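Observations on the model geometry
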Amino acid sequence: MSRRAAVPAGPPGDDFSFVSPVAKYVLFFFNLLFWLISMVMVAVGVYARLLKHAEAAMACLAVDPAILLIMVGILTFLITFCGCVGSLRENICLLQMFSVCLTIIFLLQLAAGVLGFVFSDKAREKVSEIINGAIVHYRDDLDLQNLIDFGQKEFSCCGGVSYKDWSRNMYFNCTASNPSRERCSVPFSCCLHHADQAVINTMCGHGMQARGYLEASAFIHTNGCIDKLVNWTHSNLFLLGGITLGLALPQLVGIVLAQLLINQIRDQIKLQLYNQRHRADPWY
């Protein structure tokens, strides 16, 4: 009884594709979600910026949350746009650009975390510089003002190193030549608040810089926000690590999916070239 000779398997047909629909559309919807979020960020940032006066807009661009929101939104929009179009159109160039950008951002975040840990004293000085700059422009920007008030209330602190740092602000400056009605005062967010206090007295910090630490501590928080922030960071290292991991995980997933899809597209291109060469072969 003769056996039938085994027929060698030929190359995959035109209907075969190395590109996985799962990887393709997961990457597409992953980028689409962040693309929509980026448009919302830009819209909110532009809206907040338009509500401000022109003078305030030029006063403190470096610490303006609206400008920061717009910049992050635009960067996210461009990166996720490359990911969306690249995955949907199976474009290697756009996918590589998307992957490279995510890799650079991830490495920068990693480097910033390592440098911040190694050079903690330098990081403290930089934080102190940012807080002092924010104190100077406290009345110039409503968003910045609300951010400082929120931080001082949440951390139960006042100023950078102490409550007397508010003399850096022209309205709260404690010099005798200051004509402001808020001279020698601190913002209401520095004040001690009782649980049964229904209405906040916004003038509770009036004249507090002229008082000593012991006397002022009966009415306001006298400790600075820098030490409070450092202590909070040391007490919540696991929480910060979880947040960092939560931010890094989507980036790593995007990089892996993009590289997987790039390799699959390259295999598909090789298959198409192979089929085209063999169609022209009369013995094929």
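Note that the coordinates shown come from a computational prediction; the quantities given were computed from them, not determined experimentally. (Residues numbered from 1 in each chain as written. Predicted model: local features only at pLDDT ≥ 70, side-chain atom pairs only at ≥ 80, totals over all residues. Heavy atoms only, no water.)

**Digging into the overall build of the chain**
When you go through the chain residue by residue, the secondary structure sums to nine helices and zero strands. Ordered by position from the N terminus, the helices and strands of the chain form the series α-α-α-α-α-α-α-α-α. Contacts spanning at least 24 positions in sequence make up 69% of the contacts within the chain whose residues lie at least 6 apart. Carbon and sulfur atoms provide 68% of the accessible area of the chain, an area that totals close to 18,300 Å². (Helix = DSSP H or I, 4+ residues; strand = E, 2+ residues; numbered from the N terminus. Contact = heavy atoms within 4.5 Å. Areas by Shrake-Rupley, 256 points an atom, 1.4 Å probe, with all protein chains shown as cover.)

**Focus: the packing of helix H3 (residues 65-89) against helix H4 (residues 92-118)**
Packing of H3 against H4 leaves a shortest axis separation of 8 Å and a crossing angle of 140°. Regarding H3 and H4, the two cross each other, and that crossing is left-handed. For the pair H3 and H4, contact is made by Leu75, Ile79, Cys82, Gly83, Val85, Gly86 and Ser87 and by Leu94, Leu95, Met97, Phe98, Cys101, Leu102 and Ile105, respectively. (Axes fitted to C-alpha atoms, helices over the stretch in contact; angles between N-to-C directions. Left-handed = near helix turned anticlockwise from the far one by under 90°.)

**Considerations on the UniProt feature "transmembrane region" (unreviewed entry) in the chain**
Using the residue numbers shown here, the UniProt feature "transmembrane region" (unreviewed entry) corresponds to residues 25-48, 60-88, 94-119 and 237-262. Summarising residues 25-48: 100% helix, 0% strand, and an end-to-end C-alpha distance of 34 Å. End C-alpha atoms of residues 237-262 are separated by 37 Å, and the span's content is 100% helix alongside 0% strand. (UniProt positions renumbered as here; feature names shortened; annotations may be inferred.)

**Some points on the pattern of salt bridges**
Throughout the structure, instances matching the rule amount to four salt bridges. A salt bridge links glutamate 90 to lysine 24; the nearest nitrogen and oxygen atoms lie 3.1 Å apart. One end of the pair, glutamate 90, is in the loop between H3 and H4; the other, lysine 24, is in helix H1 (residues 21-50), and 66 residues separate them in sequence. (Salt bridge = Lys/Arg side-chain N within 4 Å of Asp/Glu carboxyl O.)

**Quick notes on the packing of helix H5 (residues 120-136) against helix H8 (residues 225-235)**
Interhelical geometry of H5 versus H8 gives an angle of 135° and a closest axis separation of 10 Å. Considering the angle they form, H5 stands oblique to H8. The crossing of H5 and H8 is right-handed. Between H5 and H8, the contacting residues are Arg124, Val127, Ser128 and Ile131 on the first element and Ile226, Asp227, Leu229 and Val230 on the second. The residue makeup of the contact of H5 with H8, split by class, is five nonpolar, one polar and two charged. (Parallel < 35°, antiparallel > 145°, perpendicular 65-115°, else oblique. Nonpolar A, V, L, I, M, F, W, Y, C, P; charged D, E, K, R; others polar.)

**As for the state of the cysteines**
Simply put, the disulfide is a covalent bond whose two ends are the sulfur atoms of two cysteines. Under the defined criterion, the tally for this structure stands at four disulfides. There is a disulfide in this structure between cysteine 157 and cysteine 225, and the S-S distance comes to 2.0 Å. Taking the torsion about the S-S bond as the criterion, the cysteine 157 to cysteine 225 disulfide, at about 90°, is right-handed. In this pair, cysteine 157 is assigned in the loop between helix H6 (142-155) and helix H7 (213-216) and cysteine 225 in helix H8, connecting sequence segments 68 residues apart. (Disulfide = S-S within 2.5 Å.)

**Re the environment of valine 230**
In this structure, valine 230 sits in helix H8. Note: C-alpha distance between valine 230 and arginine 124 (106 residues apart in sequence) is 8.2 Å.

**Brief notes about the confidence of the model for the chain**
Taken as a whole, the chain shows an average pLDDT of 83; of its residues, 87% reach a score of 70 or greater. Here helix H2 (residues 54-59) is the element of the chain with the lowest mean pLDDT, 46, and H7 is the one with the highest, 92. (pLDDT = per-residue confidence, 0-100.)

**Examining H1**
Over its 30 residues, H1 extends 43 Å from the first C-alpha to the last, a length consistent with the 44 Å expected when each residue adds 1.5 Å. Listed in full, the buried residues belonging to H1 are Ala23, Lys24, Leu27, Phe28, Asn31, Ser38, Met41, Gly45, Ala48 and Arg49. (Expected span 1.5 Å × (residues − 1). Buried < 20%, exposed > 50% of the residue type's maximum accessible area, 1.4 Å probe, protein only.)

**Notes on the side chain of asparagine 169**
Here asparagine 169 shows up in the loop between H6 and H7. On the basis of relative accessibility, which here comes to 0%, the residue asparagine 169 falls in the buried class. There is a polar contact of 2.8 Å between the side chain of asparagine 169 and the backbone oxygen of isoleucine 135. (Polar contact = N/O pair within 3.5 Å; in protein donor to acceptor, adjacent residues only side chain to side chain.)

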